[in-house]
Amino acid sequence: MPQFAYKGRDAGGSLIEGILEGATAGAVADVLLSRGVTPIDVRETGSRAQTKPRGARLALFRPKVGHIDLLLFSRQMHTLLKAGVPILRALAGLQESSTNPAMREAIGEVRESLQAGRELSAALARHPKVFSGFYVSMVRVGETTGLLDEIFLRLFDHLDFERFMREQVKSALRYPAFVLLAMAAAIVVINLFVIPAFAKVFQGFGAELPLMTRILIGFSDFMVTWWPALLALAVGLVVAFRLWVATPQGRYDWEGFALRIPIAGKIVKKAALARFARSFALGTRSGVPVMMALANSAQTVDNSFIARRIENMREAVERGESVLRAAVSAGIFTPVVLQMIAVGEESGALDDMMEEIGQMYQREVEYELKTLGQQIEPVLIVALGVMVLILALGVFLPMWDLGKVAFGRK
């Protein structure tokens, strides 16, 4: 997600500067407003060094705070606060028990902020690389309602759901990616080692070779001659692709294209919408305003294309449109989902309906993952069959022709 450098003033009029992650500048501005900071200037920046503490700049290979670290932190905070342990004591215990140096340092700095008189949400907001705007907003709601322990439990459930969806999507894409890589490796080995050996044999026959054989030998000769250049080109394309995806527009274009990939695209889209629906339901149910819930949930979808559509929804709601009209204009929901949103908005139970939508998308993702092998298997079989047919025709047709000539002479 892109980073934005911001300038703002707090309630006392002091100038505050920093860097936050967000789908758009408007989302960052909403996060700042939720923290009591009036934004003056919000600009996108590619620099990430300002968000790192000094120790992180010196330790290049230092471990980062992972999703599982935040998951355990949320669960343990819920348990300790529910048991009546003071926040400072709870954080001290978690700091000592943490096995991740980056997480231990972040908790230590949060403790120092609390000891300096800051609220917990403000202390967490000082670490945007660890605690997202959605996480901070939920903690702020817990502070104002006095249900901080329950909020941490809801955050744990939400983070666990996100982890489950990410792992499911990765497992779904792992099998076809492995098969495609295996096919590419097989093509390289055959063209560099197998076909050249057959070409020497065919040259000894002194007969005219079939068209398919000549094509295979020509392509093999090309790869044998230019394989260093082809390898450099492949590496260059991979590096260029990673640099392009690292830009905000490149990531937006690629993730929008990924949603249109057959079979895999619909799984990625449903998983992203499931995260959006669950996070939006969690926010509104906890007392977060609708516009803030939309801005925060856009940060949880893990897809910049859908995140921008959700930001457009937030802007439409901010202009006075209903959530239903905003969802229709976003163009990412099915008619069934739009009907559920309409019912939830009319009945005043939008959070419950969004929770149902999230569960519905989750069930669909699980079903798609279970049947993924059945959907991809015919495509892979056809691709393998075509590759084997081309190789068989190219290699065995000359032998067949020479066999007929030999039998004809007899």
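Note that the structure is a prediction, hence the values are computed from the model and not measured.

**Notes on the overall build of the protein chain**
Across its full length, the protein chain carries 17 helices and three strands. Put simply, the protein chain has 410 residues, and 40% of those count as buried. Here the protein chain has roughly 22,200 Å² of accessible surface; of this, 62% comes from carbon and sulfur atoms.

**Concerning the pattern of salt bridges**
A complete count under the given rule lists 13 salt bridges for this structure. E255 serves as the salt-bridge partner of R251, at 2.9 Å between the closest nitrogen and oxygen. Here the residue R251 and the residue E255 both occupy positions in helix α10 (residues 248–258), the gap between them amounting to four residues, near one helical turn. As a salt-bridge pair, E368 and K270 come within 3.4 Å of each other at their nearest N and O atoms. Of this pair, E368 sits in helix α16 (residues 350–370) while K270 is found in helix α11 (residues 264–285), placing the two residues 98 residues apart along the sequence. As far as burial versus exposure is concerned, E368 and K270 are alike and both buried. Taken together, the shared-partner salt bridges in this structure form one network comprising K266, K270, E364 and E368.

**A word on α10**
Taken together, the buried positions of α10 are occupied by G250, Y252, E255, G256 and A258. On its buried face, α10 sits against α9 (211–246), α11 and α13 (304–318).

**Thoughts on the layout of surface pockets**
A volume near 550 Å³ is recorded for the second largest pocket. V169, L173, A258, V268 and D302 are, among the 18 residues lining the second largest pocket, the residues nearest its centre. Where the lining of the second largest pocket is concerned, the elements lending two or more residues are α8 (148–205), α9, α10 and α11. Considering every element that reaches the lining of the second largest pocket, the biggest residue donor is α11, with five residues. The residue makeup of the lining of the second largest pocket, split by class, is 10 nonpolar, two polar and six charged.

**So, the nonpolar core**
One finds F73, F131, Y135, F152 and F333 to be the most contacted residues of the largest nonpolar core, which totals 82 residues. Among the elements that make up this core, the one with the highest residue count is α8 (12 residues).

**A short note on empty space enclosed by the protein**
A full pass over the atoms with the stated rule returns two cavities of 30 Å³ or more. When its volume is computed, the largest cavity comes out at roughly 50 Å³. Forming the boundary of the largest cavity are I195, F198, A199, F202, T213, L216, I217, G394 and V395. Broken down by secondary-structure element, the contributors of at least two residues to the lining of the largest cavity are α8, α9 and α17 (372–409). By residue number, the principal contributor to the lining of the largest cavity is α8, which donates four residues. By residue class, the composition of the lining of the largest cavity is seven nonpolar, two polar and no charged.

**Here we look at helix α15 (residues 335–347)**
The end-to-end C-alpha distance of α15 is 18 Å, a good match for the 18 Å that 13 residues give at a rise of 1.5 Å each. Taken together, the buried positions of α15 are V337, L338, M340, I341, A342 and G344. Taken together, the buried residues of α15 touch α14 (323–330) and α16. Phi turns positive, to about 75°, at G348, one or two residues after α15.

**Remarks on the packing of helix α3 (residues 67–82) against helix α4 (residues 87–97)**
Running from amino to carboxyl end, α3 crosses α4 at an angle of 140°, the nearest separation of the two axes being 10 Å. Judged by the angle between their axes, α3 and α4 are oblique. Crossing handedness for the pair α3 and α4: right-handed. Packed against α3, whose contacting residues are F73, Q76, M77, L80 and L81, the element α4 presents I87, A90, L91 and L94 at the interface. Considering only residue class, the contact of α3 with α4 consists of eight nonpolar, one polar and no charged.

**Looking at a nonpolar patch on the surface**
A contiguous nonpolar patch, built from W227, L231, V235, V239 and L243 and spanning about 510 Å² of accessible area, is present on the exposed surface. The topology assignment puts L243 in helix α9.

**Digging into the packing of aromatic side chains**
All told, the structure shown has 10 aromatic pairs when counted by the stated rule. Relative to F257, the ring of W254 lies with its centre 5.7 Å away and its plane at 35°, an arrangement referred to as tilted. Here the residue W254 and the residue F257 both occupy positions in helix α10, the gap between them amounting to three residues, near one helical turn. By relative accessible area, which is 30% here, W254 ends up partly exposed. Of the aromatic side chains, those joined through ring pairs into one cluster are F73, F131, Y135 and F152. We note R75 situated over the ring of F156; from NZ or CZ to the ring centre the distance is 5.2 Å. The ring centre of Y252 lies 3.8 Å from the NZ or CZ of R308, which sits over that ring.

**Description of the side chain of E255**
On the basis of relative accessibility, which here comes to 13%, the residue E255 falls in the buried class. Non-local contacts of E255, meaning those with residues more than four positions away in its chain, are made with D302, N303, S304 and F305.

**Re the confidence of the model for the protein chain**
Scored by pLDDT, the protein chain comes out at a mean of 80, with 87% of its residues at no less than 70. Scored below 50 in pLDDT, residues 47–60 shows 17 contacts in the model against residues more than four places distant or in partner chains. Overall, residues 405–410 carries pLDDT values under 50, and its contacts beyond four positions in sequence, including any with other chains, amount to zero contacts.

About the cut-offs
- Residues numbered from 1 in each chain as written.
- Predicted model: local features only at pLDDT ≥ 70, side-chain atom pairs only at ≥ 80, totals over all residues.
- Heavy atoms only, no water.
- Helix = DSSP H or I, 4+ residues; strand = E, 2+ residues; numbered from the N terminus.
- Buried < 20%, exposed > 50% of the residue type's maximum accessible area, 1.4 Å probe, protein only.
- Areas by Shrake-Rupley, 256 points an atom, 1.4 Å probe, with all protein chains shown as cover.
- Salt bridge = Lys/Arg side-chain N within 4 Å of Asp/Glu carboxyl O.
- Contact = heavy atoms within 4.5 Å.
- 1 Å grid on protein atoms, 1.4 Å probe; cavity = no way out; pocket = protein on both sides within 12 Å on 5 of 7 lines; lining within 4 Å.
- Points joined across faces, edges and corners; volume = space filled by probe spheres on them.
- Nonpolar A, V, L, I, M, F, W, Y, C, P; charged D, E, K, R; others polar.
- Core = buried A, V, L, I, M, F, W, Y, C linked by side-chain atoms within 4.5 Å.
- Expected span 1.5 Å × (residues − 1).
- Axes fitted to C-alpha atoms, helices over the stretch in contact; angles between N-to-C directions.
- Parallel < 35°, antiparallel > 145°, perpendicular 65-115°, else oblique.
- Left-handed = near helix turned anticlockwise from the far one by under 90°.
- Patch = residues over 30% accessible without salt bridge, like charges linked within 9 Å, V, L, I, M, F, W, Y side chains within 5 Å.
- Phe/Tyr/Trp six-rings, centres within 6.5 Å; stacked < 30°, edge-to-face > 60°.
- Lys NZ or Arg CZ within 6 Å of the ring centre and 35° of its normal.
- pLDDT = per-residue confidence, 0-100.

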